[in-house]
Amino acid sequence: MDSKRDLAFIELIEEFKNPTFHLNTDINILTEIITIGYPSIPMTNGSYQICHKGEINSFVEDYQSNKKFLFSAKTSSGNSGSPIIDKYGMVVGIVSEELFQQNEFYTKGKLPYYAGIPTIEIIKSLNENLTNKI
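All values reported here derive from a predicted model rather than from experimental measurement. (Residues numbered from 1 in each chain as written. Predicted model: local features only at pLDDT ≥ 70, side-chain atom pairs only at ≥ 80, totals over all residues. Heavy atoms only, no water.)

(A) Summary view of the overall build of the protein chain. When helices and strands are tallied, the protein chain shows two helices and six strands. The N-to-C order of helical and strand elements in the protein chain reads β-β-β-β-β-α-β-α. At 16 Å, the protein chain has a C-alpha radius of gyration in line with the 14 Å of a compact globule built from 134 residues. By residue count, 31% of the 134 residues in the protein chain fall in the buried class. Total accessible area computed for the protein chain in this model is approximately 9,300 Å², and 55% of it derives from carbon and sulfur atoms. Side-chain charges in the protein chain split into 12 positive and 16 negative, and the spacing between the mean points of these groups amounts to 4 Å. (Helix = DSSP H or I, 4+ residues; strand = E, 2+ residues; numbered from the N terminus. Rg over C-alpha atoms; globule rule 2.2 N^0.38 Å. Buried < 20%, exposed > 50% of the residue type's maximum accessible area, 1.4 Å probe, protein only. Areas by Shrake-Rupley, 256 points an atom, 1.4 Å probe, with all protein chains shown as cover. Lys, Arg positive; Asp, Glu negative; His and termini not counted. Charge placed at Lys NZ, Arg CZ, Asp CG, Glu CD.)

(B) Representation of the nonpolar core within the structure. By size, the foremost hydrophobic cluster in this structure holds ten residues: I27, I33, I56, F69, F71, A73, I84, V92, V95 and Y114. Of all the secondary-structure elements, those providing two or more residues to this core are β3 (67-71) and β5 (91-99). The contact partners of V92, leaving out residues within four places of it in the chain, are N24, I27, I33, I56, F69, I84, D86, I117, P118 and T119. Formed by five residues, the second largest nonpolar core is a distinct cluster that contains L7, I117, I122 and L126. (Core = buried A, V, L, I, M, F, W, Y, C linked by side-chain atoms within 4.5 Å. Contact = heavy atoms within 4.5 Å.)

(C) Molecular detail of the packing of aromatic side chains. Under the counting rule described, the total for this entry stands at three aromatic pairs. With a centroid separation of 6.4 Å and an interplanar angle of 70 degrees, the aromatic rings of F59 and F69 are classed as edge-to-face. Placement of the pair is F59 in strand β2 (residues 50-61) and F69 in strand β3, with a sequence separation of ten residues. Judged by its relative accessible area of 41%, F59 is partly exposed. The exposure class of F69 is buried, given its relative accessible area of 0%. Relative to Y114, the ring of F71 lies with its centre 6.2 Å away and its plane at 35 degrees, an arrangement referred to as tilted. Pair noted here: F71 is in strand β3 and Y114 is in strand β6 (residues 113-118), with a separation of 43 residues, a long-range link. Taken individually, F71 and Y114 each receive the classification buried, so the pair is uniform in this respect. (Phe/Tyr/Trp six-rings, centres within 6.5 Å; stacked < 30°, edge-to-face > 60°.)

(D) Focus on helix α2 (residues 119-129). Buried residues of α2: T119, E121, I122, S125 and L126, and no others. The buried residues of α2 occupy an angular sector of 155 degrees when projected down its axis, which confines them to one face. Summarising the contacts, the buried residues of α2 are in contact with β3, β5 and β6. (Arc of directions from axis to C-beta.)

(E) Up close: unusual backbone geometry. With a phi close to 65 degrees, D6 is a non-glycine residue in the positive phi region. Position of D6 relative to the elements: it lies in the segment before β1 (32-37). Residue D6 is classed as exposed on the basis of its relative accessible area, which comes to 60%. Despite not being glycine, S65 has its phi angle at roughly 70 degrees, a positive value. Take S65: it is sitting in the loop between β2 and β3.

(F) Examining the pairing of β1 more closely. Of the two faces of β1, the one holding I33, T35 and G37 is buried and the one holding E32, I34 and I36 is not buried anywhere. Sheet topology note: the β1/β2 ladder contains six bridges and is antiparallel. Residue pairing across strands places G37 opposite I50, the latter belonging to β2. For β1 and strand β4 (residues 83-86), the ladder comprises three bridges, and the chain directions are antiparallel. (Pairing = 2+ DSSP bridges.)

Here you go:
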């Protein structure tokens, strides 16, 4: 567990034999991305896999000094923890949260921003929290 970055890891006993994602730490503003998740959809039966296309818009730091990036692909609560994938099929981050203040939306029309944890931060967390370091 990494409560500072809001990450959790599962250490596998055996090697995973299925295809896996590869991590890309070289990301820039306007890098094209897609998100995939299972958000609940109003007026439908259950959750469905939804894909959205967008790009990385900014690199930010939150109030706890966590490094994140903002992206334009629509997301919602069912996307949290899902990979953010670049045009080469590599993971550039994980969907972490929607930065939104409901009062600001109603009083000023401010829309939410969508934040992701960059892969470099995920790798740092792995190295800090797992016994078998990468």
